[in-house]
Amino acid sequence: MQQNTINIMHFFTKSEIDHYRKHREDVFETNSIPQEPISDRIKETWDKTAYWANNTQYQNLEVYFQRRWNIQAGRNNPGKNRYRRYTWARMFDPAKRNSNIFFTVGVHVGDETNDGGLIIKLDGNFRKLSFKQYSALEKYKADNQVKDLLIPVKDFSRYDWPKLYAKTREYIDKYLDQYYACINEVNSPENLIEDKIARICWNTNGWRIPSGEEGKSKTSIQGKEPHEKKHLFGHEEWLLDFDREFNGYHYAFLEPIHKFSEYKTYTGRKFNLFLYTRDYDSKTRYWVGVIRNAEVIDEIENNSAIRHYKIKGWIDEMTNELKKVNADYENFTYGIQKEVLFNVRFKKEDYEPFGEELIEFNPNQQLVKIDRYNLFDKKGEIELEEDNPPTESDEISGPGKGRKGRSKGKIKRTFTNGSREYEDIHSDIQNGLVLDLKKRYPNCKVWAEATTSYQTRIDVVKLDNRTGHKTFYEVKSYPKLITCIRIAIGQLLEYMYWPKNERANQLVVVSYHPILPSLKLYLTQLKKKTKLTIGYMCFNREEKSIVDEFIP
């Protein structure tokens, strides 16, 4: 326990609270002599706070106190300080020191509407807790009716030090169980993964390969040229290129993390990253998708991934992709020499696009106020077009006309390749599936690109020569399983029934994603409610074979 014995034994007074309230937020020169009488009295108030905490002596709780009575006054006041609005000392279980949750005792100086007083509360270190964690703390307190205790100035005459100690211990007794429960809630695995909003460079190729100068920034900020303006590419150009993997992860780069790499601000932390981009040419911002469980890697992991990319020849491929769009590939190779290429890794199944197209920002929602390559706290749910269905009066707009009937403002959807299929993966699966089915079913005819009478093409068809049983296979290679299922089922039903005939006995979706329990539940429920039997096959490109299948 930290001791801070002081000579001033007098109890808190109304006059010192009034003095603190009068000068709260005052800006002053650090070494200003006229400031000293003001600060000396404020320091006394801080010392009394330490005396209060140290002498409460509640069981095994430890006290942490620093007399931080002033802070820097901000950018507009260089070399100057200002007085804090409060005093504080923390009391906590030393075994839970790193939880950043504690009991706080201190002076609440009040404002024009109240006279302030002494406050006791269950609190958290907002500088150490993420926005998500601090929100969880506030929610826990509200849900469990954990209330702050304020002893107003007008009641000071009823208190002395022993009575204040007793009142403090009484408060801790009342909420001690909630203190430990709150620590578990705030530091739960779910809350430890922070929700952040991140800007990525503009790209018209779905962030799988560089797309060149189009839509990139063309202005300097405070005299400094953005990387994408100077070199005509951003390292996020490959953010969603899931063809290149290392140790089961996709490795990528995000400028909002790189900006703080020197200080290792984010190293080792996990984020749910809500991505947006800005088309400089149209000045329009769009939501892209979310990467869940993204891990910020260290230099060692980055260097290992770079070595793997070099061995595989992927660095050369990426360099050639930059050359094709006339970007500054020499800057890219220079970065490789400096061992700068990756700062995050995540599983490809943890990326989810917000839609099949990019979704324009809702003009009535201001989750992002400035277009900087920083990580911003996600303070609210992202409102997408799907959250704002058209009203009865909504109609398809003609050229130059906007939509009507939006309750929260117009949201424009602009087509990009952000959620298109990976053509190379699609071809690998389709060709491999034909060969594997032929091996498995020697008495069946198997062929690809079967054309229907209305000129649509079925990826793969299998016909049993003995029974005439016919199976349609639809191959999908979207980065998310649910997207593959959603789109493939619609196409399979069209192939089978449009406009009225029944052309197959079995329908199967094929992709590279493993079979999830939720998929089994969905296909089983679909069969139960609609009598449609739709199966799923997982095709492994490395093994060139079907590795798992589910037919409800």
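Numbering of residues starts from 1 in each chain and follows the order in which that chain's sequence is written. Residues qualify for local features only when their pLDDT is at least 70, as the model is predicted, and side-chain atom pairs are given and counted only at 80 or more; totals for whole chains, interfaces and linings, by contrast, use all residues. Side-chain figures throughout are based on the complete set of non-hydrogen atoms in the structure, without hydrogens or water.

**Q** Just checking my understanding: could you explain the overall build of the protein chain for this structure?
**A** Helices and strands together make up the secondary structure of the protein chain, namely 13 helices and 23 strands. Residue burial in the protein chain is summarised as follows: out of 552 residues, 50% are buried. The criterion used for residue contact is that any of the two residues' heavy atoms lie within 4.5 Å. Across the protein chain, the fraction of contacts at a sequence separation of at least 24, relative to all contacts at a separation of at least 6, is 69%. When the accessible surface of the protein chain is split by element, carbon and sulfur atoms take 47% of a total near 28,900 Å². Helix numbers and strand numbers start at the N terminus; a helix is a DSSP run of H or I with at least 4 residues, a strand a run of E with at least 2. Relative accessibility under 20% of the residue-type maximum defines a buried residue, over 50% an exposed one, and the middle range a partly exposed one, all with a 1.4 Å probe and only protein chains included. Values of accessible area rely on a 1.4 Å probe in the Shrake-Rupley scheme; residue burial ignores everything except the protein chains shown.

**Q** Looking at this structure, I do not really get the pairing of strand S21 (residues 506–511). What am I missing?
**A** On any regular strand, side chains alternate: one points to one face of the sheet, the next to the other face. Of all six residues in S21, six are buried; the element is thus mostly enclosed. Neither face of S21 is left uncovered, since the one carrying Gln-506, Val-508 and Val-510 and the one carrying Leu-507, Val-509 and Ser-511 both have all their residues buried. Two strands qualify as a pair provided that DSSP identifies no fewer than 2 bridges between them. Bridge count for strand S20 (residues 470–475) against S21 is five bridges, and the pairing is parallel. Bridge pairing links Phe-472 to Leu-507 in S21. Viewed with both strands pointing away, a crossover whose connecting path from the first strand over the helix to the second turns clockwise is right-handed. With helix H12 (residues 481–497) bridging S20 and the parallel S21, this β-α-β connection has right-handed handedness. By the bridge criterion, five bridges tie S21 to strand S22 (residues 534–540) in an arrangement that is parallel.

**Q** Quick question: what am I supposed to make of the sheet that holds strand S4 (residues 80–83) here?
**A** Picture the strands of a sheet paired through backbone hydrogen bonds; they go either parallel or antiparallel. On the basis of which strands lie adjacent, the open sheet formed by three strands has the order S1-S4-S3 and antiparallel pairing. Each edge of the sheet is formed by a strand with only one pairing partner; in this case those strands are strand S1 (27–29) and strand S3 (70–72). Taking the axes of each pair of neighbouring strands and ignoring which way they run, one obtains an average angle of 45° across the sheet. Of the strand pairs in this sheet, S3 and S4 are connected by three bridges, and their pairing is antiparallel. By the bridge assignment, Asn-70 is partnered in S4 with Tyr-83. A fitted line through C-alpha atoms represents every axis, and for helices the fit uses only the stretch in contact; the resulting angles, taken between N-to-C directions, go from 0 to 180 degrees.

**Q** Whenever I open this one, empty space enclosed by the protein confuses me. Can you help?
**A** With a probe scaled to a water molecule rolled over the atoms, the places where space remains empty come into view. Here a cavity is any set of points on a 1 Å grid over the protein atoms alone where a 1.4 Å probe fits but cannot get out, and a pocket is any open set with protein on both sides within 12 Å along at least 5 of 7 lines; a residue lines the site when it has an atom within 4 Å of a point. Grid points are joined across faces, edges and corners, and a volume is the space filled by probe spheres set on the points. Across all of its chains, the model carries three cavities of 30 Å³ or more by this definition. As a volume, the largest cavity reaches approximately 90 Å³. Looking at the lining of the largest cavity element by element, the count peaks at three residues for strand S10 (residues 250–252). Across the lining of the largest cavity, the residue classes break down as nine nonpolar, two polar and two charged. Three classes are used, and their members are as follows: Ala, Val, Leu, Ile, Met, Phe, Trp, Tyr, Cys and Pro are nonpolar, Asp, Glu, Lys and Arg are charged, and the others, Gly among them, are polar.

**Q** Where do I start with the pairing of S20 in this structure?
**A** Counting buried residues along S20, five of its six residues qualify, which places the element largely inside the surrounding structure. As defined by bridge partners, strand S19 (residues 457–464) adjoins S20 across four bridges and the pair is classed as antiparallel. In the sheet register, Leu-463 faces S20, and the bridge partner there is Lys-470. The hairpin turn running from S19 into S20, its antiparallel successor, is five residues long, and Gly-468 in that turn takes a positive phi close to 80°.

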